[in-house]
Amino acid sequence: MTDTCDVLIVGVGGQGVILASNVLGEACLAQGRPVKAAETHGMAQRGGSVECHVRIGGTLGPLIPPGGAGVILAFDLLEALRYRHYLAPKGRMVVNRQMVVPTSAFMQGLAVPTVEEALGKLQDLDLCPLDADALALEAGSPLTQNIVMVGAASPHIPLSAEALKAAVKRSVPPKTIEMNLKAFQLGRDAAASCR
Amino acid sequence: MERRYSLGNEAIAHAALEAGADLVAGYPGTPSSEVIDILRVQKDRELHVEWSVNEKVAFENALAAAWCGQRALATMKHVGLNVAADPLMTSAYTGVTGGFVIMSADDPFAHSSQNEQDSRCYAKFAQLPCLDPASVQEAHDMLIDAFALSESLGIPVIFRPTTRICHSRSDVTFGPVSSDHRKGEFRRDPRQYVVIPAHTRILHRKLDEKQPLVVKAIADRGYNRAEIRGKTAVVAGGIAAAYVQEYLPPSVSFVKIGAYPIDPSWLKDVIRKHDRVLVFEEGDPIIEEQVLQVAGTVPVRGKKTGSVPLEGEFSPAVVASILAKEGLIPQDAVPVPGKSVPDLPPRPPILCAGCMHRATFHAMKRVFRDGIFPSDIGCYTLGLQLGAVDTTICMGASLTVGSGISHSGEPRDVVCTIGDSTFLHTGIPGLMNAVYNGARMTVVILDNRITAMTGHQPNPGTGETATGEPSPPVSLEAICRACGVTFVETISPHDLPTMLDVMKRAKATDGVKVIIARQTCVITARKAGIRRGVYAVDPEVCTGCETCVKFGCPAIEFRDEKAVITGLCSGCGICAQICPSGAIGKEVKR
Ligand code: SF4
Ligand code: SF4
């Protein structure tokens, strides 16, 4: 199958990375496509770096090889740098222009790149940076930034917007559906300017 | 039939419902915990679900239900099976009447474990069948079959998914939940259930006599199969089979192993059809050793030849590069990683903002400056980053390692830390032993009333059962006193002066002292709707001394030479108590 697509979603524990990957998985189910995904649980949930692999159309193992991801969704710039080697040569990275500085870096006084430096280290990629936090606030809650990111990635993912929206409805808490659908659309619109 | 996008453990939990499980017992442990976490809230089938105090307890509860003819499941992580190894070995002798499945979730790469042990070794050791799924769907289907297999052979079956099965997701087909309920009935038969020497010798022979039936039952099920396609064969077990299939060319034979014991005559027949064999399996070289036994002159490559790594977990990239090195696929079929950025600051997991453990460790480090800190397994193991964890080996070992150090003649203060759930799991015998044998140490029980690290499961201290029924909360104070400890003090870690004072008194007291540091876990408190006022730094007063930054709370950042408290603050107030300039205070609502 030529239209399999490997999507890597990375971020910081607590940012809703797993929920974002569930939206893709549910959308696959809705479109009758096979899917495999792998996620970090356990210790990494305590504010650690989190990665979710989603293989749309996948029928074998759940892990994406480095250099194999068609799309990377990075919820955090530092994590974008950490996982950029997973991007396939023709892949695209959708990145939130924000960085959570690791607490250990403050404690130990480690050098942390600035937002501009980090973006500079990603310039050679097909990059779509957006301010997901601001768009999430616009949608109604900072917690919707994961769905903003899914929306922004949606034009590059071989799943229909309808299936993705239906998956958002299935995956988020019922009270937040409207907000999250708005977040999806804001992300999708913001990414349109990236082409 | 229903199609769902499901987590591995969710599929396993549903399979238990489909198989008609009557009793499920386990102790939380990554990556196994979600199975019971799902079963304890589901409403589709009535069954007895419990979080047991430890894995041995869970195992024996489930075993007894199977003796009474019910279908029983015991869940645990791989190292939990060490705790349950005592009943495991003899349960193979006694056998079962109802189906008994032991889920022992392995963790290659030790993502969240103290070792990478392989549960398949236990299956071999105990002479029990073992099922080793390669995908979420297979995990689901195998678990259902495991009950039938156990019943047909009359022995327990080990089910061994790995992290990449338990914590991966896929589209899965579920069947209907069983409506068959069995009422347990104990059939008295001392020759089977009382393993005195005269009985057990006979039971051992019966188990040995059963082995050919076990081999045949596994062979008949088709979990082990071969596609003969050329003169070279790749043999792969568990999830490695999925990785291999991604790259294997059609001219190479593919042998998939999903269940043990492997029929030796079948294996011999398959292997001898080839000139060369390569074996992939995570964990120990179990398939490889069996292949070597039947290979004759056929060369076998794998862990023992250094072709395949002995440690860690596989990935498509690892498997592809080995296949290329062995000349089975061209080098350009191996995925090439993109450019990476060197020297990035790491982002390890960290104790939550406001976690009681951080405050307790802070006080410990201040009072016991040159102390030795044996610790245990839980969120608080992250105290390593704060210099407050010197040893961790297995559940409950903080107390026993502590008393051992104190008896060794080491003159420094020994201060052990152990969580409430871990203390109840295997800590109590160590405490009793320390008092009995005259150790000198301070024990800090980090009591947040929940089993936090594995996802906030209730325990006997919580006051409710796995299914939410109220239960009498055990008194840690009463347990410690009953063990013979006279210095038992309970404090709140959010009250730093009192905590420092009690620790100083413990330091000045001889013998075994227990301090129970009690405060609700931040996450459970938030879920319960408990809100404390948050704190803020007054930038006019802050001198930029970084005392609070070194405290290591994730809500404290340092920008432009001043500390800043972010939205992550959960209001423990410790930073305000340690700031030397008094720059931190409760945020005033505008
Ligand atoms: S989950 Fe609870 S116990 Fe664990 S680090 Fe967070 S606050 Fe502490
Ligand atoms: S009060 Fe201080 S130490 Fe406690 S959670 Fe807030 S910022 Fe962290």
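Residues numbered from 1 in each chain as written. Chains lettered and ligands numbered in written order. Predicted model: local features only at pLDDT ≥ 70, side-chain atom pairs only at ≥ 80, totals over all residues. Heavy atoms only, no water.

Draft legend 1. View of the nonpolar core. All names here are of chain B. Membership of the largest hydrophobic core comes to 110 residues, with the highest contact counts inside it found for Phe-100, Leu-131, Phe-280 and Leu-323. Viewed by domain, this core spans two of them, domain 1 (2-220) and domain 2 (225-333), each represented by three or more residues. If we ignore the near neighbours within four places in the chain, the residues touching Leu-323 are Val-234, Tyr-247, Leu-248, Leu-278, Phe-280, Leu-328 and Ile-329. Grouped together as the second largest cluster of nonpolar side chains are 84 residues, Ile-418, Ala-434, Cys-483 and Val-485 included. (Core = buried A, V, L, I, M, F, W, Y, C linked by side-chain atoms within 4.5 Å. Buried < 20%, exposed > 50% of the residue type's maximum accessible area, 1.4 Å probe, protein only. Domains from an automatic or database assignment. Contact = heavy atoms within 4.5 Å.)

Draft legend 2. Representation of the interface of chain B and chain A in the model. Of the residues lining the interface, 54 residues belong to chain B; the matching set on chain A comes to 51 residues. Surface buried jointly by chain B and chain A totals about 4,400 Å² across both partners, of which 62% is contributed by carbon and sulfur atoms. Three residues, B:Tyr5, B:Pro345 and B:Arg347, lead the burial of chain B against chain A; their summed loss comes to 21% of the area buried on that side. The tally of links between chain B and chain A comes to 5 salt bridges. The closest approach of N and O atoms between A:Glu39 and B:Arg169, which form a salt bridge, is 2.7 Å. Counting only elements with at least two residues in the side of chain B that touches chain A, the list comes to strand 1 (2-7), strand 8 (168-174), helix 11 (240-247), helix 14 (316-325), helix 21 (547-551) and strand 20 (556-559) of chain B. (Buried area = accessible area lost by both parts, 1.4 Å probe. Salt bridge = Lys/Arg side-chain N within 4 Å of Asp/Glu carboxyl O. Helix = DSSP H or I, 4+ residues; strand = E, 2+ residues; numbered from the N terminus.)

Draft legend 3. Highlighting the sheet that holds strand 10 (residues 232-237) of chain B. Residues and elements named next belong to chain B. If you trace the 5 strands from one edge of the open sheet to the other, you get 9-11-10-13-14, paired in mixed fashion. The sheet is open, and its two edges are formed by strand 9 (225-227) and strand 14 (300-301), each paired on a single side. Where strand 9 meets strand 11 (residues 253-257), 3 bridges bridge the pair, whose relative direction is antiparallel. Looking at strand 11, one finds that Glu-227 is bridged to Phe-254. (Pairing = 2+ DSSP bridges.)

Draft legend 4. Representation of the pattern of salt bridges in the model. In total, this model carries 42 salt bridges over all chains according to the counting rule given. Here A:Asp76 and B:Arg347 are joined by a salt bridge, their closest N and O atoms 3.0 Å apart. Of the two residues, A:Asp76 sits in the loop between strand 4 (69-74) and helix 2 (77-83) while B:Arg347 sits in the loop between helix 14 and helix 15 (356-367), which places them in two different chains. Each member of the pair, A:Asp76 as well as B:Arg347, is classed as buried. For B:Arg440, the salt bridge goes to B:Asp510, with nearest N and O atoms at 3.5 Å. Here B:Asp510 lies in the loop between helix 19 (496-507) and strand 18 (512-518) and B:Arg440 lies in the loop between helix 17 (420-436) and strand 16 (441-447), a separation of 70 residues in the sequence. A single burial state applies to B:Arg440 and to B:Asp510, both of which are exposed. Several salt bridges converge on common partners, so that one network encompasses B:Asp106, B:Asp118, B:Arg120, B:Asp132, B:Arg160 and B:Glu281.

Draft legend 5. Main features of the domain arrangement of chain B. Domains assigned within chain B are domain 1 (2-220), domain 2 (225-333), domain 3 (356-527) and domain 4 (534-588). The C-alpha-based centres of domain 2 of chain B and domain 4 of chain B are spaced at 57 Å.

Draft legend 6. Molecular detail of the site of ligand 2. Near ligand 2 you find 14 residues, and of these B:Cys553, B:Cys569, B:Cys572, B:Gly573 and B:Cys575 are the closest. Partitioned by chemical class, the residues of the shell around ligand 2 number 10 nonpolar, 4 polar and no charged. (Near = heavy atom within 4 Å. Nonpolar A, V, L, I, M, F, W, Y, C, P; charged D, E, K, R; others polar.)

Draft legend 7. Region of interest: the packing of helix 1 (residues 17-30) of chain A against helix 6 (residues 145-153) of chain A. Residue and element names in this part refer to chain A. Look at helix 1 against helix 6: their axes get within 9 Å of each other, and the N-to-C directions meet at 40 degrees. Classified by the angle their axes make, helix 1 and helix 6 are oblique. Note that helix 1 runs across helix 6; the crossing there is right-handed. The residues of helix 6 that touch helix 1, namely those facing Leu-19, Ala-20, Val-23 and Leu-24, are Asn-146, Ile-147 and Val-150. (Axes fitted to C-alpha atoms, helices over the stretch in contact; angles between N-to-C directions. Parallel < 35°, antiparallel > 145°, perpendicular 65-115°, else oblique. Left-handed = near helix turned anticlockwise from the far one by under 90°.)

Draft legend 8. Main features of the site of ligand 1. Around ligand 1 lies a shell formed by A:Arg46, B:Leu351, B:Cys352, B:Cys355, B:His357, B:Cys379, B:Asn448, B:Ala452, B:His456, B:Cys521, B:Val522 and B:Ile523. For the shell around ligand 1, a count of residues per class yields 8 nonpolar, 3 polar and 1 charged.

Draft legend 9. Looking closely at the state of the cysteines. Evaluation of the coordinates by the stated rule reveals 1 disulfide over all chains. Put simply, A:Cys128 and A:Cys194 are joined by a disulfide, and their sulfur atoms are 2.1 Å apart. With the S-S dihedral at roughly 70 degrees, the linkage between A:Cys128 and A:Cys194 falls on the right-handed side. Of this pair, A:Cys128 sits in strand 6 (residues 126-130) while A:Cys194 sits in the segment after helix 8 (177-192), placing them 66 residues apart in sequence. Here B:Cys579 stays unpaired: no disulfide links it, and the sulfur of B:Cys545, its closest cysteine neighbor, is 5.9 Å away. B:Cys579 sits in the buried class, given a relative accessible area of 17%. (Disulfide = S-S within 2.5 Å.)

Draft legend 10. Structural context of the confidence of the model for chain B. Chain-level pLDDT for chain B is 97 on average; 100% of the residues reach the 70-or-more range. The complex prediction reports pTM at 0.97, with the ipTM value standing at 0.96. (pLDDT = per-residue confidence, 0-100.)

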